[in-house]
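# Structure assessment
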Amino acid sequence: MNPIPKSAIPWQVTGNHWLALPCIHPADGALHALGVLHRGARAAVEFAGNPDFLAGAGPPLLRPVVRIGGARRELGEQGLAWERAMSWLPAFTCTIDSLVVRGTLFAPYGRDADIAGAVYALSFENRGTEEQVIDLALEGVLGHRQIRVRTARPADDAHVVAVGKDNVVVLEGSAQPGLAALAVASDVDVRIEIEQGSAARFALHRDVTVAPGARASAAFYIAAGPERDGAEATVAVMRRRGWSELLTITRDALLELEQTVGHDGIDRLINRNLLFAYFYAAGRALDDAHFYVVRSRAPWNGRGVTTRDWDAVVWTLPAIQLADAALARELLLRACELHGYAPGSGVHYLDGTLFEPGFSLEGVAAFAIATDRYIRETGDEQIVDEPAVADTLYASWDDLHARRDEHVPLYSTEVTPSGAPAAHPFTLHGNAVVAQALDVLKRTLDEESARDVEDPEAVRAALRRHFSIERDGKVLFASSIDLAGNSDTSGDAEGSPYWLPLYDAVERFDSVYRRTVRGVGAEPRSLAEQCARLLGPDAPAVLQWLRRAPLDNGVAGEIVDADGKVVANGGDAALAGLLAWSTWYAVHALGVRP
C-alpha cells in the first residue's frame, strides 16, 4: 500500500451511508465527485467530472450557476464563507451585488430519510430595491467514472447522459447491466440542455424571481440507483418529500449523535471525527442495501475500501457505539458474519473476501474485545446468543489456541496491527490484547469450553516476565521477542505500548510501563500513536496538541507532521473513529484535561 499525499484542496465533505460526497470545492461549491459502495464489485463506484478531480482540476460533476440579466455571475467571485452545521452539513454564504446567496449540499439521513441521494439547496435574499430575476442552473459534466478498491480503474464503457421522464437527467454507463446510475432533478420543472461527447455536458435551468426585501429558495436532487429506473424512482421520492422536510429530519437525527465533554474545542474534534467515521467507515452497498465496514470511503486514502478486523471492530465500532448503539450492534453482527469465519486472517475486501493474507493476533482477539465492550456499554447480553457472534467467538478461541507456544503461555503472530511483519513472533501489544480476549472468552463460551481457555493472568505474568529487558541498567518492555533471547524495541505505531493499561496488562503508573513509553511518539508521525499517547503520562499535552492540530481539514489522516497537519493518507475514517473514541475516553474515563 502506497500512501497517497494529502490533496492540496481543503475539500468540504459530507454524505450518508449510501452516498459519499467527498469533493465539494471550497472556492465555488462545485461537486467534483461522488461515490457509492457496490458489493458485487467489492469496490467503490465513483462519478466525477474528469479524471483529475482529486486535484480540483477540470470541470466538476455538478456546479450551481447564476445568471442575472444574461450575465454569468460566479458564486465565489467575492469568496464563500463556509460553516458546518451539526459538524457534518457544509453550508456557504456569498454575495452577488445586492443578492445574498446561501447554499448547502447534504445527504438525507434519519428515520424516513434513509435515501441514496443528496440535495443541493440554495436560497436568495434580495437586499436591493429592484426585483431580481435569476436564471439558476445546475450544470455538470460526466467525464469520468471509476471503480476503486485501493487504486482507481476507469470504467471502459462510454458515458451516457440522457433525459428521463419528468424532467430528470440520467447519468450512467453504456454497458448493460451497469453498476450504478445517477438521476438529477429539480423541485420544479426545468429546461434541460445536453451536449453529448466523450465528456457529456448537461444543465438544468430554472428561473427564480426575488422581490425587493424578499427571499426565494430552490433545490436540486441527486439520486443513485443500481440502474437508471431505480435512480429515477429515488429522485421522485425525494421530490415528493421535499428538500425542507429532508433537511429538518437530517438535522434532528444528526443532533442525536452529538457528544459533549464540556469543552468546545474538544467537542468539535470528537464530533467532526465521530461523524466522519459514522458515515465514511460504514456504508450501505447500492446493490444489496446491507451495511459494510471499510477503512475509508474518501478517495484520497490509500487503504481504500478494504478493512482489517482490528480496524473495523476496535477502531470504528467504539466511536459509532458512542452515538448509535443500534447501528453498532448491526455492524458488529455484520463484521462477524463477513469476517468471523477466519478472524485475524488478514486484510479483506468489503464483502469479507480475503484481500491480503497475514495472520494478526489483534485481529483474532478483536471480536471478543468488541463484543465485551458492546455488552458493558449497552447491557445487551443477548448479543452473544446471535449465531454469527457465537460462531466467531468459538473460532477466535480455536485460532488463538493454535498460536500458543508449547511451553510458555504466550501467543505468536505474523503481522502487527498496521500489517507490517512482526520483528519477532511474540509481540507485547498482541499478547496484552490476547489476555483481555481470554478474559472475555472465559465468561462467554459454554462452561466446558471455558475450562480449556488459558488463564489470562498467566499470560499477563508471562508477558511481564519475558518482555522485560534491561537497557542502560533500567528495565523496560520489549515490543517483540522470540523466546530465544532476541528482542526488538522499535515496535509498531498502531500497536503502541501506550495501549497496555487499556487491556489490563499494566497500571498506567507502573514504572516499567512509564519507562517504556517515555519519548515514544514525541515527534509526531503516526496519528494512531498520538491517540495511544492519550493513555500515557503526557496525555494533557497530547490532548492540547490534538485540539490545535489542523489534521485533514479537521479529520484524521494516517501520517502527520509535527504540527498535526496530515501529509499522507488523509480522510482515514476508521482512524477518525479511534481518534474520536480515544479522545472521549481520555476525558471521560481518565479525567484528562487540555
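Residues numbered from 1 in each chain as written. Predicted model: local features only at pLDDT ≥ 70, side-chain atom pairs only at ≥ 80, totals over all residues. Heavy atoms only, no water.

When helices and strands are tallied, the chain shows 14 helices and 31 strands. For the chain, the C-alpha radius of gyration of 26 Å lies close to 25 Å, the compact-globule estimate for 594 residues. Its C-alpha atoms put the chain at 85 × 50 × 40 Å along the principal axes. Across the 594 residues of the chain, 62% fall into the buried class. Pairs at least 24 apart in sequence give 64% of the contacts found in the chain among residues at least 6 apart. (Helix = DSSP H or I, 4+ residues; strand = E, 2+ residues; numbered from the N terminus. Rg over C-alpha atoms; globule rule 2.2 N^0.38 Å. Buried < 20%, exposed > 50% of the residue type's maximum accessible area, 1.4 Å probe, protein only. Contact = heavy atoms within 4.5 Å.)

Here we come to the pairing of strand β7 (residues 81–85). Pairing between β7 and strand β8 (residues 89–96): 5 bridges, direction antiparallel. When the bridges of β8 are listed, R84 appears paired with P90. The antiparallel pairing of β7 with β8 creates a hairpin that spans 3 residues between the two strands, and M86 there sits at a positive phi of about 55 degrees. (Pairing = 2+ DSSP bridges.)

Below, the discussion takes up the side chain of T427. Inspection of the secondary structure assignment puts T427 in strand β25 (residues 426–427). In this structure the side chain of T427 is engaged in a polar contact, spanning 3.2 Å, whose partner is the backbone nitrogen of G430. (Polar contact = N/O pair within 3.5 Å; in protein donor to acceptor, adjacent residues only side chain to side chain.)

As a further point, take the sheet that holds strand β23 (residues 346–348). Here we have 3 strands laid out as an open sheet, ordered β22-β23-β24, and antiparallel in their pairing. The open sheet is flanked by β22 (307–308) and β24 (354–357), the only strands paired with a single partner.

This paragraph deals with the pattern of salt bridges. It is possible for side chains bearing opposite charge to pair when their charged atoms get close. Under the definition given, this model contains 33 salt bridges. With a shortest N-O distance of 3.3 Å, E139 and R72 are connected by a salt bridge. Placement of the pair is E139 in strand β11 (residues 132–142) and R72 in strand β6 (residues 71–73), with a sequence separation of 67 residues. With a relative accessible area of 17%, E139 lands in the buried category. Across the salt bridge formed by E232 and R228, the nearest N and O atoms sit 3.7 Å from each other. Taken together, the residues span about one helical turn, with E232 and R228 both in helix α1 (residues 228–241) at a distance of 4 residues. One continuous salt-bridge network, built from bridges that share partners, spans R67, R72, E74 and E139. (Salt bridge = Lys/Arg side-chain N within 4 Å of Asp/Glu carboxyl O.)

Take helix α7 (residues 387–402) next. Across its 16 residues, α7 extends 23 Å between first and last C-alpha, which sits within 8% of the 22 Å expected from 1.5 Å per residue. Within α7, burial applies to A388, V389, A390, T392, L393, A395, S396, W397 and L400. The secondary structure elements touched by the buried residues of α7 are α5 (325–339), α6 (361–378), α8 (428–444) and α9 (447–452). (Expected span 1.5 Å × (residues − 1).)

A sheet is described by the order of its strands in space; here 3 strands give the open sequence β25-β28-β29, paired in antiparallel fashion. Taken across any chain shown, the strands that pair with only one partner, and hence form the sheet edges, are β25 and β29 (487–488). Bridge count for β25 against strand β28 (residues 480–481) is 2 bridges, and the pairing is antiparallel. Considered in β28, the bridge of F426 is made with I481.

Within the secondary structure layout, R63 lies in strand β5 (residues 62–68). Within the structure, R63 has its side chain in polar contact with the side chain of D28 (distance 2.5 Å). Apart from the residues lying within four places of it in its own chain, the contact partners of R63 are D28, A30, R72, A137, L138 and E139.

For the pair helix α3 (residues 264–280) and helix α4 (residues 309–323), interaxial distance at closest approach is 9 Å and the crossing angle is 110 degrees. When the axes of α3 and α4 are compared, the pair comes out roughly perpendicular. Along its contact with α3, which presents L274, A277 and Y278, the element α4 presents A319, I320, L322 and A323. Considered class by class, the residues forming the contact of α3 with α4 number 7 nonpolar, no polar and no charged. (Axes fitted to C-alpha atoms, helices over the stretch in contact; angles between N-to-C directions. Parallel < 35°, antiparallel > 145°, perpendicular 65-115°, else oblique. Nonpolar A, V, L, I, M, F, W, Y, C, P; charged D, E, K, R; others polar.)

As a further point, take the packing of aromatic side chains. The geometry of an aromatic ring pair comes down to the distance between the two centres and the angle between the two planes. Summed over the entire model, instances satisfying the criterion amount to 11 aromatic pairs. Both rings, one in W82 and one in F92, keep their centres 5.3 Å apart while their planes meet at 65 degrees; by these two values the pair is edge-to-face. Placement of the pair is W82 in strand β7 and F92 in strand β8, with a sequence separation of 10 residues. With a centroid separation of 5.9 Å and 85 degrees between ring planes, the pair formed by Y109 and Y278 is classed as edge-to-face. Placement of the pair is Y109 in the loop between β9 (99–106) and β10 (117–126) and Y278 in helix α3, with a sequence separation of 169 residues. Look at Y109 and you get buried, because its relative accessible area is 14%. A connected cluster of aromatic rings, assembled from ring pairs, spans W88, Y109, F276, Y278, F279 and Y280. (Phe/Tyr/Trp six-rings, centres within 6.5 Å; stacked < 30°, edge-to-face > 60°.)

The full count for this structure, using the stated rule, is 6 cavities of 30 Å³ or more. Taken together, W310, V314, W315, R373, H429, E494, W499, L502, Y503, L578 and W581 make up the full set of residues lining the largest cavity. Secondary-structure elements contributing two or more residues to the lining of the largest cavity are α4 and α14 (573–588). For the lining of the largest cavity, the element with the most residues is α4, which contributes 3 residues. (1 Å grid on protein atoms, 1.4 Å probe; cavity = no way out; pocket = protein on both sides within 12 Å on 5 of 7 lines; lining within 4 Å. Points joined across faces, edges and corners; volume = space filled by probe spheres on them.)

Structurally, Y513 can be placed in helix α11 (residues 511–517). A residue is classified by how much of its surface remains accessible, and Y513, at 0% relative accessible area, is buried. Excluding its chain neighbours within four sequence positions, the residues that come into contact with Y513 are F477, P497, Y498, L500, P501, V506, E507, R508, L535 and G536.

The linkage connecting Q176 with the following residue, P177, adopts the cis geometry, with an omega of -5 degrees. Relative to the elements of secondary structure, P177 occurs in the loop between β15 (169–173) and β16 (181–186). Positive phi values are uncommon outside glycine, yet N167 reaches one of about 60 degrees. Its location among the elements puts N167 in the loop between β14 (159–163) and β15. Located in the positive-phi region is L483, a residue other than glycine, with phi close to 65 degrees.

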